[in-house]
Amino acid sequence: MNISTAFSRVACVATLVAVSLTAQAQVPPPPMSAKAWLISDLTSGQILAQGNPDKRIPPASLAKLMTSYLVFEALKNKSISMTQTVRPSESVRSVGADESRTFIEAGKPVSVHDLVYGMIVQSGNDATIALAELIGGSQANFVNMMNHEAKRLGLKNTHYVNVDGLPDPQNYTTVADLAILSARLIEDFPEYYPIYAVKSFTYNHIRQWNRNRLLFLDPTVDGLKTGHTEEAGYCLIASAHRPMPNVPGVDRRVLAIAVGNTTERARVQDTLSALNYAYQSFDTLRVYGAGQAIAQPRIWKGRANTVAIGVDKDTFVTLPKGLGDKIKPVLEVRAPLIAPLAKGAVVGTVNITADGKQVASFPVVALQDVPQAGILGRAWDALRLKFLKK
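Scope of this entry: the structure provided in the associated data block. (Residues numbered from 1 in each chain as written. Predicted model: local features only at pLDDT ≥ 70, side-chain atom pairs only at ≥ 80, totals over all residues. Heavy atoms only, no water.)

**Points about the overall build of the chain**
Here is step 1: Broken down by element type, the chain carries 9 helices and 18 strands.
Here is step 2: Along the three orthogonal principal directions, the C-alpha set of the chain runs to about 80 × 50 × 40 Å.
Here is step 3: In the chain, which comprises 390 residues, the proportion classed as buried is 55%.
Here is step 4: Contacts spanning at least 24 positions in sequence make up 67% of the contacts within the chain whose residues lie at least 6 apart.
Here is step 5: Placing the 41 positive and 32 negative side-chain charges of the chain at their respective mean positions leaves the two points 9 Å apart. (Helix = DSSP H or I, 4+ residues; strand = E, 2+ residues; numbered from the N terminus. Buried < 20%, exposed > 50% of the residue type's maximum accessible area, 1.4 Å probe, protein only. Contact = heavy atoms within 4.5 Å. Lys, Arg positive; Asp, Glu negative; His and termini not counted. Charge placed at Lys NZ, Arg CZ, Asp CG, Glu CD.)

Right, dumping it as structure tokens:
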């Protein structure tokens, strides 16, 4: 099972939970020097703490997360391949000596593999431009693709004007949007996400180290992206995965975002403190396993009288330490249930409360198909329903 839960799938829950979880926590969030920051548990999809989540910020190289998303999409759809050879255009010559570079050369063949690693590990603007032109035909068209994808993913406060995040007044995002994009990238492309954990990459006989220092400080960190310009300050999105107690084979994934730090050291300290805070001050529990039956309510006009209902995926909830034994699931079924009913159809909701406060909500689905009964069976149930409604 992929342990990361798509952030956008539970965004409505996370929004509700953000303040209450912080308020219930036994330990307050660590002091953060970043201008905006966010801590979330991607396994449950819940925001644990945040500061200025909707403040517009310049993305710097964090914009390359969207570039990566589109590149991974193209790889997955097989419109490009890692072994494909590219001849970069003259556009790569525009990358300045003060910018991050992979040191590719205009007209000199380079593989998509090397461009992808150059963009992710070395944060090379030249590699990013070459990939954008390969997929979009031009940088301008690729930027349009980035903005279209931002809307599709639900990034409400993000706009791109270039592929590499260089300063521009119309180049902006928020940490709330970055959290959604990061979670979707991890969730949607598990086959390519491990590239973010690569510590160094050599191209053109030049070895460069990944700028995410947490990869070298914490073995549980496996991503995600750094960024820096004078306007944006020092930025870092970090993700870690650690074993979940009492759930063999499942890791708990946490995301920490800090942007606008004044030094590289400060962004490392903020994100490391945020990750440790999430693991030390909160527990993530598995509420239901995939396919686990929660109830067997009555179903009408079907070949069966009851239907097993439950969740189609493992469901998790994150709570402040000490509240794990206080969770209470409350099931709400959309009665009456009428056949035919297809397996996977949403039939209700289970709300999770702790200490009287709602902390999560999951859709409940039918775990089996229930075909319609015959004419006599349907007529009999129709009559019974009519009397029940009186």
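**Brief notes about the pattern of salt bridges**
Here is step 1: Counting across every chain of the model gives 12 salt bridges.
Here is step 2: For Arg 213, the salt bridge is made with Glu 264, and the minimal N-O distance between the two is 3.2 Å. Linking Arg 213 in the loop between strand E6 (206–209) and helix H7 (214–217) with Glu 264 in helix H8 (residues 264–281), this pair joins segments that are 51 residues apart in sequence.
Here is step 3: In this structure, Asp 314 engages Arg 286 in a salt bridge whose closest nitrogen and oxygen atoms are separated by 2.9 Å. Of this pair, Asp 314 sits in the loop between strand E13 (309–310) and strand E14 (315–320) while Arg 286 sits in strand E10 (residues 282–288), placing them 28 residues apart in sequence.
Here is step 4: Assessed through its relative accessible area of 37%, Arg 286 is described here as partly exposed.
Here is step 5: A single network of salt bridges, built from pairs that share partners, joins Glu 73, Glu 149 and Arg 152. (Salt bridge = Lys/Arg side-chain N within 4 Å of Asp/Glu carboxyl O.)

**Considering the sheet that holds E13**
Here is step 1: Within the open sheet, the 5 strands sit side by side as E11-E13-E18-E17-E15. Their pairing is antiparallel. What marks the edges here is a single partner per strand, and that holds for strand E11 (293–295) and strand E15 (327–333).
Here is step 2: Relative to strand E18 (residues 357–366), E13 runs antiparallel, the two sharing 2 bridges. For Gly 310, the partnering residue across the bridge sits in E18 and is Val 365. (Pairing = 2+ DSSP bridges.)

**A closer look at empty space enclosed by the protein**
Here is step 1: Inspection of the entire model under this criterion finds 1 cavity of 30 Å³ or more.
Here is step 2: Space inside the largest cavity adds up to approximately 60 Å³.
Here is step 3: Looking at the lining of the largest cavity, the element that brings in the most residues is strand E7 (residues 221–229), giving 3 residues.
Here is step 4: Per-class residue counts for the lining of the largest cavity are 5 nonpolar, 4 polar and 2 charged. (1 Å grid on protein atoms, 1.4 Å probe; cavity = no way out; pocket = protein on both sides within 12 Å on 5 of 7 lines; lining within 4 Å. Points joined across faces, edges and corners; volume = space filled by probe spheres on them. Nonpolar A, V, L, I, M, F, W, Y, C, P; charged D, E, K, R; others polar.)

**Some remarks on the packing of helix H2 (residues 64–76) against helix H3 (residues 112–120)**
Here is step 1: Between H2 and H3, the least distance of the axes is 11 Å, while the angle of their chain directions is 155°. The orientation of H2 with respect to H3, classified from their angle, is roughly antiparallel. Here the hand of the crossing between H2 and H3 comes out left-handed. Contacts between H2 and H3 pair Lys 64, Thr 67, Ser 68, Val 71, Phe 72 and Leu 75 from the former with Val 112, Val 116, Met 119 and Ile 120 from the latter.
Here is step 2: Split by residue class, the contact of H2 with H3 holds 7 nonpolar, 2 polar and 1 charged. (Axes fitted to C-alpha atoms, helices over the stretch in contact; angles between N-to-C directions. Parallel < 35°, antiparallel > 145°, perpendicular 65-115°, else oblique. Left-handed = near helix turned anticlockwise from the far one by under 90°.)

**Brief notes about the sheet that holds strand E1 (residues 36–41)**
Here is step 1: Pairing is antiparallel in the open sheet, where 5 strands are placed in the order E2-E1-E9-E8-E7. Of all strands in the sheet, those bounded by a partner on one side alone are strand E2 (46–51) and E7. On average, each strand axis in the sheet is tilted by 10° relative to the strand beside it, whichever way the strands run.
Here is step 2: Summarising the sheet, E1 and E2 pair through 5 bridges and their orientation is antiparallel. The partner of Trp 37 across the bridge, within E2, is Gly 51.

**What about the packing of aromatic side chains?**
Within a pair of aromatic rings, the relevant descriptors are the distance that separates the centres and the angle that separates the planes.
Here is step 1: Applying the stated criterion to the full structure yields 8 aromatic pairs.
Here is step 2: Arranged with centres 5.6 Å apart and planes meeting at 40°, the rings of Tyr 117 and Phe 201 form a pair that is tilted. Note that Tyr 117 is positioned in helix H3 and Phe 201 in strand E5 (residues 200–203), a separation of 84 residues in sequence.
Here is step 3: Residue classification places Tyr 117 among the buried positions, given a relative accessible area of 18%.
Here is step 4: The buried category is assigned to Phe 201, whose relative accessible area is 9%.
Here is step 5: One residue, Arg 56, lies across the ring of Tyr 172, its end atom 3.8 Å from the ring centre.
Here is step 6: Here Arg 298 stacks its cationic end above the ring of Trp 300, 4.1 Å away from the centre of that ring. (Phe/Tyr/Trp six-rings, centres within 6.5 Å; stacked < 30°, edge-to-face > 60°. Lys NZ or Arg CZ within 6 Å of the ring centre and 35° of its normal.)

**Quick look at the nonpolar core**
Here is step 1: Ranked by internal contacts, the top residues of the largest apolar core, which has 65 residues, are Met 66, Phe 72, Tyr 160 and Val 259.
Here is step 2: Residues contacting Val 259, with those up to four places away along its chain left out, are Ala 34, Lys 35, Ala 36, Ile 57, Leu 62, Val 175, Leu 178, Tyr 234 and Cys 235. (Core = buried A, V, L, I, M, F, W, Y, C linked by side-chain atoms within 4.5 Å.)

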